[in-house]
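Notes for the structure review
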Amino acid sequence: MNHQPTLVAIDLGAESCRVSLLQWKKDQPSIMVVQRIPNQPHDSGVAGLRWDFEHICIEIEAGLRACAAQTREPIASIGVTGWAVDYVRLDAAGKPLAPPFCYRDERTNAAAQAVHARIPAADLYAITGTQIQPLNTIYQLYADKTSGMPASTPWVNLPEYVLHRLGAPCVAEYTNATHTGLIDMETGTWSDSIFSILELDRAAAPKLVDTGTILGPMSGEMRELPGFANTQLIAPACHDTASAVSGMPVDSSGTCAYLSSGTWSLMGTLLPNSLRTPEAFSRGFTNLGAAGGGVLFHRGIPGMWLLRQCMNRWDGQRAWSLTELIAAAQNLPAPNDLLDLDDPYFRLPGDMTARINRQRVDHGLQALPDGREAAPCYANLIFHSLAGRYVALLDDLEYLTRRRPQHIYIAGGGSRNEYLNALTEAATGVPVHRCSVESSTMGNFAIQWARLEHACGRLSLSSITAKASALAAAQIHSVS
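Here's what I pulled together on the structure shown here. On a predicted model such as this, the values are computed, not experimentally measured, just so you know.

**Considering the overall build of the chain**
- Broken down by element type, the chain carries 16 helices and 21 strands.
- Radius of gyration (C-alpha) of the chain: 22 Å, near the 23 Å computed for a compact globule of 480 residues.
- A buried classification covers 57% of the 480 residues belonging to the chain.
- For the chain, restricting intrachain contacts to residue pairs at least 6 apart in sequence, the fraction spanning at least 24 positions comes to 70%.

Here is the structure:
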C-alpha cells in the first residue's frame, strides 16, 4: 500500500467489547472508539453460565455502521481479537446452535477430571505447554461430549466467529488456537493424539491459519455501505493478549516482562521457543503463540475481576467509582496479610466479598467488615495482594528462564491504576512502564497494517512492532 490505511478493530472483552476506527490526519494516526458494549455472562439456570453473544454481535454491527459514517475513506480491513477459550457450536448453515458458554461455568470441573483420567495433566502439558485450567477449550469440548453434544458438531472460537459472521470462512488463528489446550507445540498443529484419546472429532475443529491471514472480502448487507465495498477481513492475533503484547516494546531477549492487567493479570515474557519443563508445569506457566513468532510464556491469575465483583456487590449502596476506591485505598496502611489469588473460588462470579472473607477465616484471620464503608479496605487488600503476587511471578520467571526482567511493561485497563503500578514497582524493585490502555486494539491495528503492506509470507515481529511504534502517538478518543 502506498498510503496509510483506514482500519477497523473489534476487540471482545469479558467486561467490555469495543469497535474502533483508525484514521489518518496529516499523516498522524487518530483512533476513535466508536462503540463500547458492556458485557457480562448470564446465569441461564439449567442451561448454565452463558454469554449473550447475539446481542454483542448486533451491537458490533451497529458500531461498524457508525465507523462507515465516520469516514469518507474506504475501510481497508477489519480485524477481531478477544478473550480466548470460549466458542460457539454451529449448525449446517454456520449459525450458532445456542449462546456460548462462559469459561467460568462450573461444568468443566468434572470434565477436567475426566480428561486427566485419560491424559495425565503433566503429559498434556508436555504436549501443549498450556497452563492446566478447567476453563480451557479442551475441557469445555469434553463437557459438551459428556452432555450429549455430538463430537462432530463444528465449533469456532468467538473472535473468529465474528469474522465468520462478517463473511470469512471458519478458521482458528494460531495464537488463539494455542489457548485451547489442543495444539501440539512441537508441530504447531492440532494434536491428533489428544483428539483421538479423548474421542473428540478432529474434523469439527476449524482450519488453522497464521496470524495476519487475509480471509477474504466482507460480505452481506454491510458491504453495501460505501466504506465497506472492498474491505478485507483479517485474522490478527485473535487472542487479545497476543495482540496486546505485539503493541508493546517487548522482545524475546528475556530482559522485559509484560503485564496484561485487566479482568485477568497475566505476567510473563516473550521467548523464542516453548518452555515445557516439569518446573514450568508445577508453577502453572503457559506457552501461547505470539504474533510474529515466538512464545508468550506467562502465568495467569485473577486480576481486577476481584474488585469488579466486589463493586457489583456494593452496587445500589451509593456505589463507589473505581477512581474513588483507588484514592481511598491509598490512604490506608498496607494490610498485614495478603490474599491467595490462586484460590479457585476467586474465579467464580458472585459475592466476592464473601469469598474473600471465607478465605481469611479459613486462614485464621478476621473477616473484613461488610457494607459500603468497608469498600476501600477490600480494594487495598486486593491491590497489595496483586503486587505481592507479581513479585512471586517475577521470581518464577527468573528461575525458569534464567534471566531477570529489567523492565515491566503494563497494558490494559489496570494500567490506569497508578496506585497499583506504584505498589508493583516498589514490591518488585523493577521499573514499571505504562503502555496503552487499548494495547490489544493497537496490536490489532498494527498486525492488519503490516499484513496489508506485506501481502505474502508470515509476518515478522519486527514488521508488527514497527507499525505499533508508528501508532504509539495516536490520539485515542470516543464518540461518546
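**Describing the packing of aromatic side chains**
- Enumeration according to the criterion identifies twelve aromatic pairs in this entry.
- Seen in terms of ring centroids, Trp24 and Trp449 are 5.1 Å apart; in terms of plane orientation they differ by 65°. Their pairing is edge-to-face. Of this pair, Trp24 sits in strand β2 (residues 16-25) while Trp449 sits in helix α15 (residues 439-453), and the two are 425 residues apart along the sequence.
- Overall, Trp24 belongs to the buried group, its relative accessible area being 18%.
- By relative accessible area, Trp449 is classed as buried at 9%.
- With a centroid separation of 6.0 Å and an interplanar angle of 85°, the aromatic rings of Phe383 and Tyr419 are classed as edge-to-face. In this pair, Phe383 is assigned in helix α13 (residues 375-401) and Tyr419 in helix α14 (residues 418-428), connecting sequence segments 36 residues apart.
- Residue classification places Tyr419 among the buried positions, given a relative accessible area of 10%.

**Considering the pattern of salt bridges**
- Applying the stated rule across the entire model yields 22 salt bridges.
- Among the salt bridges present, the one from Arg165 reaches Glu61, with a minimum N-O distance of 3.0 Å. Of this pair, Arg165 sits in helix α5 (residues 158-165) while Glu61 sits in helix α1 (residues 53-70); the two residues are 104 residues apart in sequence, bridging distant segments of the chain.
- Classification of Arg165 by relative accessible area gives partly exposed; the value is 29%.
- Residue class for Glu61 comes out partly exposed when judged on its relative accessible area of 24%.
- Arg107 is the salt-bridge partner of Asp144, the closest N and O atoms lying 2.7 Å from each other.

**Here we look at the environment of Thr401**
- Structurally, the position occupied by Thr401 is in helix α13.
- Setting aside chain neighbours within four positions, we find Thr401 in contact with Thr269, Leu271, Leu275 and Phe297.

**Notes on the pairing of strand β6 (residues 75-82)**
- Most of β6 is tucked away: eight of the eight residues are buried.
- Pairing of β6 with strand β14 (residues 232-235) involves three bridges; the strand directions are parallel. In the sheet register, Ile78 faces β14, and the bridge partner there is Leu233.

**Points about helix α2 (residues 107-118)**
- By the burial criterion, the buried members of α2 are Arg107, Thr108, Ala111, Ala112 and Val115. Each buried residue of α2 lies within a common arc of 120° when the element is viewed along its axis, so the set occupies one face. Among the exposed residues of α2, those oriented more than 90 degrees off its buried face are Ala110, Gln113 and Ala117.

**Concerning the sheet that holds strand β16 (residues 264-271)**
- Ordered in space as β17-β18-β16-β15-β19-β20, the six strands form an open sheet in which the pairing is mixed. Of all the strands in the sheet, just β17 (286-289) and β20 (432-434) have a single pairing partner and so form its edges. In this sheet, neighbouring strand axes are inclined to one another by 30° on average, regardless of whether the strands run parallel or antiparallel.
- Summarising the sheet, β17 and strand β18 (residues 295-302) pair through four bridges and their orientation is antiparallel. Bridge assignment links Asn287 to a residue of β18, and that residue is Phe297.

Reading the values: the criteria
Residues numbered from 1 in each chain as written. Predicted model: local features only at pLDDT ≥ 70, side-chain atom pairs only at ≥ 80, totals over all residues. Heavy atoms only, no water. Helix = DSSP H or I, 4+ residues; strand = E, 2+ residues; numbered from the N terminus. Rg over C-alpha atoms; globule rule 2.2 N^0.38 Å. Buried < 20%, exposed > 50% of the residue type's maximum accessible area, 1.4 Å probe, protein only. Contact = heavy atoms within 4.5 Å. Phe/Tyr/Trp six-rings, centres within 6.5 Å; stacked < 30°, edge-to-face > 60°. Salt bridge = Lys/Arg side-chain N within 4 Å of Asp/Glu carboxyl O. Pairing = 2+ DSSP bridges. Arc of directions from axis to C-beta. Axes fitted to C-alpha atoms, helices over the stretch in contact; angles between N-to-C directions.

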